[in-house]
Amino acid sequence: MVSAKALVFVALVVAAVGSLGSPLITRVATDLDVSLAAAQWTLTVTLLAGAVATPVLGRLGAGPHRREAILVTLGVVAAGSVLTVVPLPFAFLLAGRAAQGAGLGLTALMMGVARDHLPAERSARVIALVSVASTIGIGVGYPLAGLLTQVAGLRTAYGLGLVVSLVALGTAWRHIPAAPAERRAKVDVVGAVLLAAGVTALLIDVSQTKLWTQHLAVALGIGVLAVGLLGCWVAWERRQSSPLVDLRLLRLRAVAAANVTMFLGGIGMYLLLTLITRYAQTPSTAGYGFGLSVFEAGLILVPFSALGFVAGKLNAPLGKRFGARRLLSGGAIAVLAACLLFATARGHLLEVVLAMALLGFGVGVFMAAMPAVILAVTPADETSSAMAVNQVVRSVGFSLGSALGGLVLAAHTPVGQLVPTGNGYTVAALLGVIALAVTAVSAWWS
């Protein structure tokens, strides 16, 4: 029998390893003598790799070699972690971070394993926790990476990723069984290339805020290219007998609405997450902020993770009483309330911590309910593929939320100044309120 704890642990590890880039960006720039824009790619390249790997792994997860795909991917993550630890030039660090990003595609496979090998009611609970772990894991890696950086340096912090990825590989080897032998899966290589190119262009466009502030024509051109590539991908997939992603599932109202809801919700969730961590680290000489260190700012994410897991545990009883769609809407409303709290009351650290805790609870409810909405109308053998699409949508939403926050803060930064005015945070948070209001309505009526 498969270990439910092993599935959640693997999802938690790949999320935590993927998040290591965020708190270490400034230290990478100073230690490796590169610009902050270049250092930002230690996070961006991870998101890109995850978005590209996710649909491919999702299709592999629908076939008989799912266990092998999981083990090989975790091996790639571990090998990438070695490149981040060894003191090599910056290009090797980027290559290592890209390899680590491949692990972000394993979340959907963990859900597929749970659905195949656990009783229906238990598998639903485990899938909800896996979904929550794939996001809340961000809050686990951040404070640990910050502490290790301060105490022992950059490479030691990246060493955390190596240790936990090796443990995850051993855990998967021991506890994850083979997929049913009758499964068949063929990877659509052309479709994978078109999707990878389209998603890469899209994520570069939405994650690189300087393109929009300094090179608007280039940003618009990349956006047009992304739309064109994704359009070609859709046309190709619709003609395939074994597509990379079964787009016919999007004809189902519940699946289409859930992905739209995930996209909009992802924007608001990651927008607030990045706003709070940046605000907390702003020196108080700016007239706001608390001047926290990377480690101290990371501790603010502890209630985010804790409340997120509590919400995941409550998903089963709440789902029976209210239904998954109502929980999606409720989670969005909780995140909306967190955005509103941050927009109107952030003068004291406790208020910021409360906003982060409320955000974690809302994200936990939302992420735990999302798989139930999609899988209720998805065939069991398409679990990994269907959830992989949702994970890609989430990645795009997260990236757009991060970029949106950056653009708003950049627009409120006076010429010659390094930090934005406090009003920039208010405007950005209110945009999150709008995004989540639409999300709540979309989820309620889907």
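Below you will find a few notes about this structure. (Residues numbered from 1 in each chain as written. Predicted model: local features only at pLDDT ≥ 70, side-chain atom pairs only at ≥ 80, totals over all residues. Heavy atoms only, no water.)

Enumeration according to the criterion identifies four salt bridges in this entry. Residues Glu121 and Arg125 are paired through a salt bridge, measuring 3.7 Å at the closest nitrogen-oxygen approach. One end of the pair is Glu121 and the other is Arg125, both in helix H8 (residues 120-136) and four residues apart, which spans about a single turn. Linking Lys320 and Glu121 is a salt bridge whose minimum nitrogen-to-oxygen distance equals 3.1 Å. With Lys320 in helix H16 (residues 301-322) and Glu121 in helix H8, the pair connects residues that are 199 residues apart, well separated along the chain. (Salt bridge = Lys/Arg side-chain N within 4 Å of Asp/Glu carboxyl O. Helix = DSSP H or I, 4+ residues; strand = E, 2+ residues; numbered from the N terminus.)

Here we come to a nonpolar patch on the surface. Together, Trp212, Leu216 and Leu220 make up an exposed nonpolar region whose accessible area comes to about 270 Å². Positionally, Leu216 belongs in helix H13 (residues 216-237). (Patch = residues over 30% accessible without salt bridge, like charges linked within 9 Å, V, L, I, M, F, W, Y side chains within 5 Å. Areas by Shrake-Rupley, 256 points an atom, 1.4 Å probe, with all protein chains shown as cover.)

Locating Val438 in the fold gives a position in helix H20 (residues 422-445). On the basis of relative accessibility, which here comes to 44%, the residue Val438 falls in the partly exposed class. Separated by 329 residues in the primary sequence, Val438 and Leu109 place their C-alpha atoms 30 Å from one another. (Buried < 20%, exposed > 50% of the residue type's maximum accessible area, 1.4 Å probe, protein only.)

Once that is clear, we can look at the side chain of Asn259. Considering the arrangement of structural elements, one finds Asn259 in helix H14 (residues 253-281). Residues within four places of Asn259 in sequence aside, it is in contact with Leu250, Val389, Asn390 and Val393. (Contact = heavy atoms within 4.5 Å.)

Okay, unusual backbone geometry next. One non-glycine residue, Asp33, adopts positive backbone phi at about 55°. Examined against the element boundaries, Asp33 turns out to sit in the loop between helix H2 (25-31) and helix H3 (36-39). Accessibility expressed as a relative area gives 72% for Asp33, which makes it exposed.

The subject of this paragraph is the packing of helix H1 (residues 4-19) against helix H10 (residues 154-175). Direction vectors running N to C along H1 and H10 enclose 155°, while the axes themselves pass 10 Å from each other. The angle between the axes of H1 and H10 places the two elements in the roughly antiparallel class. Crossing of H1 against H10: the hand is left-handed. For the pair formed by H1 and H10, the contact residues are Ala6, Phe9, Val10, Val13 and Val17 on the first element and Gly161, Val164, Ser165, Val167, Ala168, Thr171 and His175 on the second. Taken together, the residues of the contact of H1 with H10 break down into eight nonpolar, four polar and no charged. (Axes fitted to C-alpha atoms, helices over the stretch in contact; angles between N-to-C directions. Parallel < 35°, antiparallel > 145°, perpendicular 65-115°, else oblique. Left-handed = near helix turned anticlockwise from the far one by under 90°. Nonpolar A, V, L, I, M, F, W, Y, C, P; charged D, E, K, R; others polar.)

Our focus in this paragraph is the environment of Ala226. Mapped onto the fold, Ala226 is located in helix H13. For the pair Ala226 and Val199, spaced 27 residues apart in sequence, the C-alpha to C-alpha distance is 6.9 Å. With residues up to four places along the chain from it excluded, the contact list for Ala226 reads Gly198, Ala201 and Leu202.

Once that is clear, we can look at H13. For H13, spanning 22 residues, the distance from its first C-alpha to its last is 32 Å, which sits close to the expected 32 Å at 1.5 Å a residue. Among the residues making up H13, those that are buried are Ala219, Ile222, Gly223, Ala226, Leu229, Trp233 and Glu237. Angularly, the buried residues of H13 cover 130° about the axis, an arc narrow enough to put them on a single face. Seen from the buried face of H13, the exposed residues on the opposite side, beyond 90 degrees, are Ala217, Val224 and Val227. For H13, the secondary structure elements touched by its buried residues are helix H11 (189-207) and helix H12 (209-214). (Expected span 1.5 Å × (residues − 1). Arc of directions from axis to C-beta.)

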